[in-house]
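Understanding the architecture of this molecule
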Amino acid sequence: MGFWYILLLLIGISFLVIGALKKEVSLATKMVIILFVLGVFFIVGSLFMLMPGSDEIISELLELN
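These figures come from a predicted structure and were not determined experimentally. (Residues numbered from 1 in each chain as written. Predicted model: local features only at pLDDT ≥ 70, side-chain atom pairs only at ≥ 80, totals over all residues. Heavy atoms only, no water.)

Some thoughts on the environment of Val37
As for its placement among the helices and strands, Val37 is situated in helix H2 (residues 27-50). Taking the C-alpha atoms as reference, Val37 lies 9.2 Å from Gly12; in sequence the two are 25 residues apart. (Helix = DSSP H or I, 4+ residues; strand = E, 2+ residues; numbered from the N terminus.)

Observations concerning the packing of aromatic side chains
Applying the stated rule across the entire model yields 2 aromatic pairs. Ring plane angle 35° and centroid distance 5.9 Å describe the contact between Phe15 and Phe42, whose orientation is recorded as tilted. With Phe15 in helix H1 (residues 2-21) and Phe42 in helix H2, this pair connects stretches of sequence that are 27 residues apart. With 6.0 Å between their ring centres and 45° between their planes, Phe41 and Phe42 make a pair best called tilted. Clustering of aromatic rings is evident, with ring pairs tying together Phe15, Phe41 and Phe42. (Phe/Tyr/Trp six-rings, centres within 6.5 Å; stacked < 30°, edge-to-face > 60°.)

This is the structure we're talking about:
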């Protein structure tokens, strides 16, 4: 499962890099904002899932006891 978390982290970082390199103003601006938000979301999500004990938190949130 760690593979998928690292994959999310790498996708998030790549979205941030792509978003940071795009400098146009029209439709590209909207894409930059979307890529930036998705990149931050993927990075935070993957770092949270890599933390010890995160499986217990997720199982409690989804009521999988």
